[in-house]
Amino acid sequence: MSPHRTSIWRRSPNKLRRSEIWLECFYFTSLLLAALILFLVNLGSLPLLDLDEGTNAQVAKQIFLQGSFSGWIFPTLWNEPYFAQPPLVHGLIAIAYKVFGINEFATRLPGALLGAASVVLLYNIGREVFVARFPAVCGALIYLTCLPVVRSSRLAMSDGPLLCFELIAVWAMLRSRRDLRWSLLVGIGLGMVSLTQGAAALPVWIVIGSFLLWDTPRLLTSSYFIGGLLLGALPGIGWYVAQYFHYYELDNLLALFELFMGQMSNGEAEAVAFSANHLIRGLTYIFPWGLAIFFGSRLALQNIHWGWGRLFVVWIGVYFTLFLLTYNHDFWSISFLSLYPVFALAGGIKLDSIRNLPSYIDYPRIWTYSFILMAVIAAIAGLHWGIRNYSDFYLPFICGSFAITFTATAIVMAQQEQQFIPLLFWGLLVSIFMLLISPHWIWELRSVEPVKPIASLIREHTPKNQVVYTSMSRDRPSLDFYSDRRVVPLKLVDLKIHWEADPKHDLDVYLLVDSIAIDNLDISAKNIISTPSSEHQSSDWMLAVKHSQSQS
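The rules behind the values
Residues numbered from 1 in each chain as written. Predicted model: local features only at pLDDT ≥ 70, side-chain atom pairs only at ≥ 80, totals over all residues. Heavy atoms only, no water. Core = buried A, V, L, I, M, F, W, Y, C linked by side-chain atoms within 4.5 Å. Buried < 20%, exposed > 50% of the residue type's maximum accessible area, 1.4 Å probe, protein only. Helix = DSSP H or I, 4+ residues; strand = E, 2+ residues; numbered from the N terminus. Contact = heavy atoms within 4.5 Å. Pairing = 2+ DSSP bridges. Salt bridge = Lys/Arg side-chain N within 4 Å of Asp/Glu carboxyl O. Axes fitted to C-alpha atoms, helices over the stretch in contact; angles between N-to-C directions. Expected span 1.5 Å × (residues − 1). Nonpolar A, V, L, I, M, F, W, Y, C, P; charged D, E, K, R; others polar. Phe/Tyr/Trp six-rings, centres within 6.5 Å; stacked < 30°, edge-to-face > 60°. Lys NZ or Arg CZ within 6 Å of the ring centre and 35° of its normal. pLDDT = per-residue confidence, 0-100. Parallel < 35°, antiparallel > 145°, perpendicular 65-115°, else oblique. Left-handed = near helix turned anticlockwise from the far one by under 90°. Polar contact = N/O pair within 3.5 Å; in protein donor to acceptor, adjacent residues only side chain to side chain.

*Asks:* What exactly am I supposed to notice about the nonpolar core here?
*Replies:* Soluble globular proteins tend to bury their nonpolar side chains together. Of all hydrophobic cores here, the largest spans 109 residues; its most connected members are F39, L144, W289, W315 and L351. Ranked by residue count, the leading element in this core is helix α8 (residues 159-176), at 12 residues. Ignoring sequence-local partners within four residues, the contact set of F39 consists of A112, G115, A116, V119, L144, V149, V150, S153 and R154. Judged by nonpolar contacts, the second largest core, of 24 residues, contains L48, A96, L457 and L479.

What follows is the structure, encoded as structure tokens:
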């Protein structure tokens, strides 16, 4: 008789374990590879966006060029203290600059890599709460094919790192229920969240504490667990304490609180609230997984006696409560993107429940009808873009790919075939890949004037470290980054004062103005420097130069 024990499937437990390990490695590697492809392809082809991308790039460039240790701890923006965000993301970008040089690819690389890692982390969280592999894989793929997650992680903003560090903390919290040593990683994850965006750590703390209080209250009284949290979070706490004692601007606790909350200036808040792309951004948040998220949320509410149901209720409840409390306040603390991981997990368990329906029960008809509707919308959008701009073949092909995916999914689902799930995921991955290799994945660039020609004009005709005043209505941090000059927007009255300053002063005057400002300021043509109009250059903005009397 064989000395080895056998399972009910007549296989050795060791062979079963090896098979499970290989299967787990296969899914892990496949998800990571798919995520890296989507998050890294065509990453540096388009210029940086204004606000977050331009500002983060400029701060990181100054950290890299200064090369001093204090620059990493106390970041500056144009030699002034930078309090908008902690320096972790900027430091990672500065490291990328050291390896790849100062360019768009290096600027977006850290966020993209961390965003790709978050896909695998979500799969691991799914394995912890579901145990079964299929709903965990579906949840990770839903998360990967959510366009806001992919786009935000590919941009040089804090969204990708925040998602990654948040998921590290949650995954380690779930693991620590069986092994308290993982509590140290919980603290590290929370510390990295606070070093990325201080107030974003607050809801993660509350989610972890509330879930453990409901699910595993013994951990909250464990000195080992509390010690691990504090030890891991120590770097984040230390950075805020260092800022408080280093800068005289933080001379009271209210200033320290505003630093932690990441308060926005009024101009930035207004730009975010009234963006012309706000509607498009809102629609992408529910496309195409709206039904899966809705029914998955209902399923979670019906299963709060399970760990995954409790995690969903706590995660959603905490973020929505904090969102209502901070509504109409100029803080970056609550981001709807932070809910996508738990929404994706809910969608994954719903797909698993549909897949396991008995053969005599029809798949929900509303799902079939919704895919038909999305296919029609995608087809109409493709025809619209094809007729409106027939020279740009990207958008019609992208819309066509989405239309084919949704049509095929609706047909297969109507035939009661389980293959609609891999078909839908594969079609979405291909369609999103087509969007990302096109010049349209940052659609906000279509509504603003190209920044590189203007930056080239400034860089070629102004001395280094020169402040340039402009008649632009708002700041464009990307223009500062590409021109390597500080470009300050002013009203026409203030521009006139600068232009008519006493020429005896040993100061040159440089104004970036358009034709309307030139007429209002009565600037002579001999003081105007412009670039020849072409496909790659802009003639809308010109540089007005007046040299001091000592140089005349």
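*Asks:* Even after reading the chapter, I still don't get the pairing of strand β5 (residues 509-514), so can you show me in this structure?
*Replies:* Among the 6 residues of β5, 5 are classified as buried, and the element is accordingly described as predominantly covered. Here strand β3 (residues 467-470) runs beside β5; their pairing, made up of 2 bridges, is parallel. Paired with T470 across the strands is L512, a residue of β5. For β5 and strand β7 (residues 541-546), the ladder comprises 6 bridges, and the chain directions are antiparallel. Note that in β7 the partner of V509 across the bridge is K546.

*Asks:* Explain the pattern of salt bridges here, please?
*Replies:* Applying the stated rule across the entire model yields 15 salt bridges. Between D215 and R310 there is a salt bridge, with the nearest N and O atoms lying 3.3 Å from each other. Note that D215 is positioned in helix α10 (residues 201-215) and R310 in helix α16 (residues 307-325), a separation of 95 residues in sequence. Note on R310: relative accessible area 18%, which makes it buried. Of the charged contacts, one joins D484 and K464 as a salt bridge, the two residues approaching to 2.6 Å between their closest N and O atoms. Residue D484 is found in the loop between α22 (477-483) and β4 (486-489), and its partner K464 is found in the loop between α21 (451-461) and β3; the two are separated by 20 residues along the sequence. Via salt bridges that share partners, E24, R127 and R133 belong to a single interconnected network.

*Asks:* Would you mind going over the sheet that holds β7 with me for this structure?
*Replies:* Hydrogen bonds between backbone atoms are what pair the strands of a sheet, whose relative direction is either parallel or antiparallel. Taken together, 5 strands build an open sheet; the order of strands is β4-β3-β5-β7-β6 and the sheet is mixed. Each of the sheet's edge strands pairs with one partner strand only, and the pair in question is β4 and β6 (528-529). Direction of pairing for β6 relative to β7: antiparallel, over a ladder of 2 bridges. Pairing of I528 across the sheet is with A544, part of β7. Of the strands in this sheet, β3, β4, β5, β6 and β7 touch α21, which is tilted by about 20° from β7. Running over the sheet, helix α23 (residues 492-499) touches β3, β5 and β7 and is turned about 145° from β5.

*Asks:* Looking at this structure, how should I read α16?
*Replies:* Because each turn of an α-helix spans 3.6 residues, side chains separated by three or four positions in sequence point in the same direction. Here α16 spans 27 Å end to end across 19 residues, near enough to the 27 Å set by a 1.5 Å rise per residue. Here the buried face of α16 lies against α5 (104-130), α8, α10, α15 (290-301) and α17 (340-355).

*Asks:* Mind showing me how you'd approach the packing of α17 against helix α20 (residues 420-436) here?
*Replies:* Two quantities define a packed helix pair, namely the angle between the helix axes and the distance between the axes. With their axes 11 Å apart at the nearest point, α17 and α20 run at an angle of 145° to one another. Contacts between α17 and α20 involve L351, I354 and R355 on the former and, on the latter, F420, I421 and F425. Of the residues that constitute the contact of α17 with α20, the class distribution is 5 nonpolar, no polar and 1 charged.

*Asks:* Honestly, the packing of aromatic side chains in this entry has me stumped. Any pointers?
*Replies:* Both the distance between ring centres and the angle between the ring planes are used here to describe each pair of aromatic rings. All chains considered together, the criterion is met by 16 aromatic pairs. On the numbers, 6.4 Å between centres and 70° between planes, the contact of F64 with Y97 is edge-to-face. Residue F64 is located in helix α2 (residues 52-66), and its partner Y97 is located in helix α4 (residues 88-100); the two are separated by 33 residues in the primary sequence. Positioned above the aromatic ring of F481, the side-chain terminus of K61 is 4.5 Å from the ring centre. The aromatic ring of F134 is capped on one face by R355, whose charged end is 4.0 Å from the ring centroid.

*Asks:* I tried to follow the environment of P364 on my own but got confused; where do I start?
*Replies:* For P364, the position within the fold is in the loop between α17 and α18 (365-388). Spatially, the C-alpha atoms of P364 and Q416 are 9.9 Å apart, while their sequence positions differ by 52 residues. If near-sequence neighbours (up to four positions away) are discounted, P364 is found in contact with I354 and M413.

*Asks:* What am I meant to see in the confidence of the model for the protein here?
*Replies:* Detailed reading of predicted coordinates is not advised where the pLDDT is low. Per-chain confidence: the protein averages 83 in pLDDT, with 84% of residues scoring 70 or above. Put simply, helix α13 (residues 266-273) is where the protein has its lowest mean pLDDT, 39, and α5 is where it has its highest, 95. Contacts for the low-pLDDT stretch residues 263-279, under 50 throughout, to residues beyond four places or in other chains number 18 contacts. Long-range and interchain partners of residues 533-538, a stretch whose pLDDT sits below 50, account for 9 contacts in this model, where long-range means more than four residues apart.

*Asks:* How do you make sense of the packing of α8 against α10 when you look at a structure like this?
*Replies:* The interhelical angle for the contact between α8 and α10, taken along N-to-C directions, is 15°, at an axis separation of 11 Å. The pairing of α8 with α10 is recorded here as roughly parallel in orientation. As α8 packs across α10, the resulting crossing turns out to be right-handed. From α8, E166, A169, M173 and L174 reach across to α10, where they touch V204, I208, F211 and L212. Among the residues making up the contact of α8 with α10, the classes are represented as 7 nonpolar, no polar and 1 charged.

*Asks:* I would appreciate a short explanation of the environment of T409 in the present structure.
*Replies:* Within the element layout of this structure, T409 appears in helix α19 (residues 394-414). C-alpha separation for the pair T409 and F371, spaced 38 residues apart in sequence, amounts to 7.0 Å. In this structure T409 touches F371, F420, L423 and L424, once residues within four positions along its chain are discounted. There is a polar contact of 2.7 Å between the side chain of T409 and the backbone oxygen of T405.

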